[in-house]
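Below are the chains, spelled out letter by letter.
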Amino acid sequence: MDSYDGNPPQTDARRATEQQTGIEGTRIDARQGTGLQIGPGGTQINIDVGSTASTNRARRHLYFKIGSSAGVKFNMIPPIADSHPSEALSELLEGLQRIGIPQYRLDAIRARADDVAAAPPGEQFVAAVFAFAAAVDDVTDALRERSVGDEFDWFNLADLIARIFVVVRARWPEDPTRDSASMRESLYVLAERLDVTASVRSRIQEFATMELPTATLDEFADAAMRLQNLCHHLN
């Protein structure tokens, strides 16, 4: 696995752009519960409307899937996304709409993504990328306000696992703990209040306290994928 990281071959221009924005090599997938798979990305949302219990599970599942995508938001836009608008972006917006996020916030995300696609290389592109990231992050409060019970915790769980993966990978191997320490601490604390078994809680906290760097980046990526996949199947 060490010789291939699952990312598509990069042109020099693409590599330079990703290095400028700090998102080099962060292409991962939140599709269909397979978690943080390295590869083409998206959020597959399947709502099972039935009994109150199944509806509650479906909403937790939806919050979790939105969190998975929000944590790897750079996957949704060029240069990592191969098309615009990407399928991943369209599915995220659909999920947010189902939760009841106001249309103007969805329009803002879509507009900032359009800005990224249209921006020339250089400072204007970098600014557009981070404006898009801010627009996605801006829906967090609205998600919290519309959550019931522990739904928002499941958003945070997926978001933190994904963000930790992205940050550690971006800082690898020089300083994989840089910028991730507070997120890992938050993940550990979140596990304490989640309504999960002791075994699942232990798995989350083991990931949050994993000693870095691991022997290889693949070892850490595999741990993130296994945890995301485990948590996905709890709902």
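All values derive from a computational prediction rather than experimental measurement. (Residues numbered from 1 in each chain as written. Predicted model: local features only at pLDDT ≥ 70, side-chain atom pairs only at ≥ 80, totals over all residues. Heavy atoms only, no water.)

Q: Just give me the short version of helix α9 (residues 198–208), but keep the residues and values in it.
A: Residues of α9 that are buried: V200, R201, I204, Q205, F207 and A208. Each buried residue of α9 lies within a common arc of 155° when the element is viewed along its axis, so the set occupies one face. (Buried < 20%, exposed > 50% of the residue type's maximum accessible area, 1.4 Å probe, protein only. Helix = DSSP H or I, 4+ residues; strand = E, 2+ residues; numbered from the N terminus. Arc of directions from axis to C-beta.)

Q: Mind laying out the packing of aromatic side chains, listing which residues take part and the relevant values?
A: Applying the stated criterion to the full structure yields 5 aromatic pairs. Taking 6.0 Å as the distance between ring centres and 80° as the angle between the ring planes, the aromatic pair formed by F74 and F130 counts as edge-to-face. Remark: F130 occurs in helix α5 (residues 123–137) and F74 occurs in the loop between α2 (52–71) and α3 (87–99); sequence separation between them is 56 residues. For the pair F207 and F220, a centre-to-centre distance of 5.4 Å together with 25° between the ring planes defines the contact as stacked. Residue F207 is located in helix α9, and its partner F220 is located in helix α10 (residues 217–232); the two are separated by 13 residues in the primary sequence. Across the pair, F220 and F207 agree in class, each one buried. Chaining the aromatic ring pairs together yields one cluster made of F165, F207 and F220. (Phe/Tyr/Trp six-rings, centres within 6.5 Å; stacked < 30°, edge-to-face > 60°.)

Q: Describe in detail the pattern of salt bridges, supporting the description with residues and values.
A: Taken as a whole and assessed by the stated rule, the structure comprises 12 salt bridges. The salt bridge partner of R98 is E94, with a shortest N-O separation of 2.5 Å. Linking R98 with E94, this pair stays in helix α3, spanning 4 residues, or about one helical turn. On the basis of relative accessible area, R98 is assigned to the partly exposed category, the value being 40%. Here D159 makes a salt bridge to R163, at a shortest N to O gap of 2.8 Å. One end of the pair is D159 and the other is R163, both in helix α7 (residues 151–171) and 4 residues apart, which spans about a single turn. D159 sits in the buried class, given a relative accessible area of 6%. Under the relative-accessibility criterion, R163 is labelled partly exposed at 25%. (Salt bridge = Lys/Arg side-chain N within 4 Å of Asp/Glu carboxyl O.)

Q: Tell me about the packing of helix α8 (residues 181–193) against α9, residues and numbers included.
A: Following both chains from N to C, one finds α8 and α9 inclined at 170°, their axes separated by 8 Å at the closest point. On the basis of the axis angle, α8 is roughly antiparallel to α9. Along the contact surface, α8 presents R184, L187, Y188, A191 and E192, while α9 presents R201, I204, Q205, F207 and A208. Of the residues assigned to the contact of α8 with α9, the class counts are 6 nonpolar, 1 polar and 3 charged. (Axes fitted to C-alpha atoms, helices over the stretch in contact; angles between N-to-C directions. Parallel < 35°, antiparallel > 145°, perpendicular 65-115°, else oblique. Contact = heavy atoms within 4.5 Å. Nonpolar A, V, L, I, M, F, W, Y, C, P; charged D, E, K, R; others polar.)

Q: Break down the side chain of S86 for me, with residues and values.
A: Inspection of the secondary structure puts S86 in the loop between α2 and α3. A polar side-chain atom of S86 sits 2.8 Å from the main-chain carbonyl oxygen of M76. Not counting chain neighbours up to four residues away, the residues in contact with S86 comprise M76 and A81. (Polar contact = N/O pair within 3.5 Å; in protein donor to acceptor, adjacent residues only side chain to side chain.)

Q: Describe unusual backbone geometry, listing the residues and the values that go with them.
A: Cis rather than trans, the peptide bond between H84 and P85 has omega equal to -5°. In this structure, P85 sits in the loop between α2 and α3. For the bond from W172 to P173, the omega torsion is -5°, close enough to zero to count as cis. With respect to the element layout, P173 can be found in the loop between α7 and α8. Backbone geometry places D179, a non-glycine residue, at a positive phi of 70°. Note on placement: D179 falls in the loop between α7 and α8.

Q: Mind laying out α8, listing which residues take part and the relevant values?
A: Among the residues making up α8, those that are buried are M183, R184, L187, L190 and A191. Projected onto a plane normal to the axis of α8, the buried residues spread over an arc of 120° and lie on a single side. Contacts from the buried residues of α8 go to α7 and α9.

Q: Account for the confidence of the model for the protein chain, with residues named and values stated.
A: Of the residues in the protein chain, 77% have a pLDDT of 70 or more, and the chain-wide mean is 83. The spread of mean pLDDT over the elements of the protein chain runs between helix α1 (residues 12–21), the lowest at 47, and α9, the highest at 98. Every residue in residues 1–18 scores below 50 in pLDDT, and together they form 29 contacts with partners more than four places removed in sequence or on other chains. Segment residues 23–50 is flagged for pLDDT under 50; beyond a separation of four residues in sequence, or across chains, it makes 101 contacts in the model. (pLDDT = per-residue confidence, 0-100.)

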